[in-house]
Amino acid sequence: MGDNEDTWRLGGKAGLPAAWLRRAGRSVLDAVFPPVCVSCNRLVSTPQALCPICWSGLTFLEKPYCPVLGLPFAHDLGDGVLSVEAIADPPVFERLRSAVVYEGAARHLVHSLKYADRGDLAPMMASWMLRASDGLVDGCEGIVAVPLHRYRLWRRRFNQSADLARHIATLSGRPFLAHALIRQRRTLTQVGLGARARVENVRGAFRVPVDEAGVLVGKRLLLIDDVYTTGATVEAASRALLKAGAVSVSVLTFARALPGHI
Ligand SMILES: [Zn+2]
């Protein structure tokens, strides 16, 4: 039995390595609370992981894609080639990136974080977002989350976008500007609304408080949301940030619906 740092002696000559005790402790815990897939609850070998079936159902968004909207291209079209969508309807934000397509296990993760008190999922989801950010996190001077109206925040107790933003700020060392943006009026949930109704629903919904405006002037900001669907919400939020003096706003979401899948 060694006397190195990883050894924890239990009195007298009987020595048990700490690593062995940790493993034993974990196996006892695993026997009582076996680790389960964070999406579907099948048994898995590692805590806070997805099972192979859920994992294989995820579509990570990777290059080649439109440099503005991050829409995947079937073939590499070369530098600077934009998607038809970005040309036909240029967004007010500078660029958009997302980690995964909003379907299957990704949809389940978003719903669990939002409605099922699964704040424990946020660190994993934030790390996927950071990996997918294509330099947007490194290049920003402040991170802002899409806010909930205070009534909805009171009912739900938890803003999933703010939680993701907080974890991305911690992972990257970029400042999280938690009070930079408020939702000044209650809006309908965007779920089930058509594209035009979504734009109307969130028009003028966001505002930068007067005492926060000075912090944003001249800054390159990164706006965080859980899901991008038609873009109406992040467009409205970006407009408010730009009006308050931000020099640019880019958007990073966990998941995104692809055109034709909304
Ligand atoms: Zn699973």
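It should be noted that the structure appears before, not after, this text.
## Overview of the packing of aromatic side chains
Thought 1: Scanning all chains against the criterion turns up five aromatic pairs.
Thought 2: Plain terms: the ring middles of Trp55 and Trp128 are 5.7 Å apart, the flat faces sit at 80° to each other, and that makes the pair edge-to-face. Residue Trp55 is located in helix α2 (residues 52-56), and its partner Trp128 is located in helix α5 (residues 122-132); the two are separated by 73 residues in the primary sequence.
Thought 3: Relative accessible area serves as the criterion here: at 44%, Trp55 is assigned to the partly exposed category.
Thought 4: Relative accessible area serves as the criterion here: at 6%, Trp128 is assigned to the buried category.

## Let's talk about the sheet that holds strand β8 (residues 248-256)
Thought 1: Read from one edge to the other, the open sheet built from four strands follows the order β3-β8-β7-β4, with strand pairing classed as parallel. In this open sheet, the two edge strands, each paired with only one partner strand, are β3 (96-101) and β4 (142-145). The average undirected angle you get between the axes of adjacent strands in this sheet is 20°.
Thought 2: Against the sheet, helix α4 (residues 104-115) touches β3, β7 (220-228) and β8, its axis set at about 105° to β8.
Thought 3: On top of the sheet, helix α10 (residues 232-243) reaches β4, β7 and β8; it is set at about 160° to β7, its chief contact.

## Looking at α4
Thought 1: Across its twelve residues, α4 extends 17 Å between first and last C-alpha, which sits within 8% of the 16 Å expected from 1.5 Å per residue.
Thought 2: Here α4 has its buried residues at Ala105, Ala106, Leu109, Val110, Ser112, Leu113 and Lys114.

## Overview of the environment of Ala74
Thought 1: The topology assignment puts Ala74 in the loop between α2 and α3 (84-88).
Thought 2: We classify Ala74 as exposed; its relative accessible area is 73%.
Thought 3: The sequence separation of Ala74 and Lys63 amounts to eleven residues, and the corresponding C-alpha distance is 9.6 Å.

## Considerations on the packing of α4 against α5
Relative placement of two packed helices is described by the angle separating their axes and the distance separating the axes.
Thought 1: In the contact formed by α4 and α5, the axes pass within 11 Å of each other and the chain directions differ by 130°. With respect to α5, the axis of α4 lies oblique. Between α4 and α5 lies a crossing of left-handed hand. In this structure, α4 contributes Leu109, Val110 and Leu113 to the contact, and α5 contributes Ala122, Met124, Met125 and Trp128.

## Looking at the side chain of Ser112
Thought 1: Examined against the element boundaries, Ser112 turns out to sit in helix α4.
Thought 2: Here His108 takes part through its backbone oxygen, which lies 2.8 Å from a polar atom of the side chain of Ser112.
Thought 3: Residue contacts for Ser112: discarding those within four places in its chain leaves Asp117, Arg118 and Leu121.

## Quick look at the pattern of salt bridges
Thought 1: If you walk through the whole model with that rule in mind, you get eight salt bridges.
Thought 2: A salt bridge links Asp120 to Arg118; the shortest N-O distance between them is 2.9 Å.
Thought 3: Counted as one network, the salt bridges with shared partners bring together Lys63, Arg95, Arg97 and Asp134.

## Things to note about the coordination of the zinc ion
Thought 1: Protein-derived ligands of the zinc ion are Cys37 (SG), Cys40 (SG), Cys51 (SG) and Cys54 (SG), with the metal-ligand distances lying across 2.3 to 2.4 Å.
Thought 2: Considering all four donor atoms around the zinc ion, angles at the metal cover 107 to 115° and the coordination shape is tetrahedral.
Thought 3: Site description for the zinc ion: donor spacing in sequence, C-x2-C-x10-C-x2-C. Residue Cys37 is located in the loop between α1 (18-32) and α2, and its partner Cys51 is located in the loop between α1 and α2; the two are separated by 14 residues in the primary sequence.
Thought 4: For Cys37, a relative accessible area of 0% corresponds to the buried category.

Cut-offs used in this document
Residues numbered from 1 in each chain as written. Predicted model: local features only at pLDDT ≥ 70, side-chain atom pairs only at ≥ 80, totals over all residues. Heavy atoms only, no water. Phe/Tyr/Trp six-rings, centres within 6.5 Å; stacked < 30°, edge-to-face > 60°. Helix = DSSP H or I, 4+ residues; strand = E, 2+ residues; numbered from the N terminus. Buried < 20%, exposed > 50% of the residue type's maximum accessible area, 1.4 Å probe, protein only. Pairing = 2+ DSSP bridges. Axes fitted to C-alpha atoms, helices over the stretch in contact; angles between N-to-C directions. Contact = heavy atoms within 4.5 Å. Expected span 1.5 Å × (residues − 1). Parallel < 35°, antiparallel > 145°, perpendicular 65-115°, else oblique. Left-handed = near helix turned anticlockwise from the far one by under 90°. Polar contact = N/O pair within 3.5 Å; in protein donor to acceptor, adjacent residues only side chain to side chain. Salt bridge = Lys/Arg side-chain N within 4 Å of Asp/Glu carboxyl O. Donors = N, O, S within 2.8 Å, 3.2 Å for Na, K, Ca; no water. Tetrahedral: all angles 85-135°; square planar, octahedral: opposite > 155°, others 65-115°.

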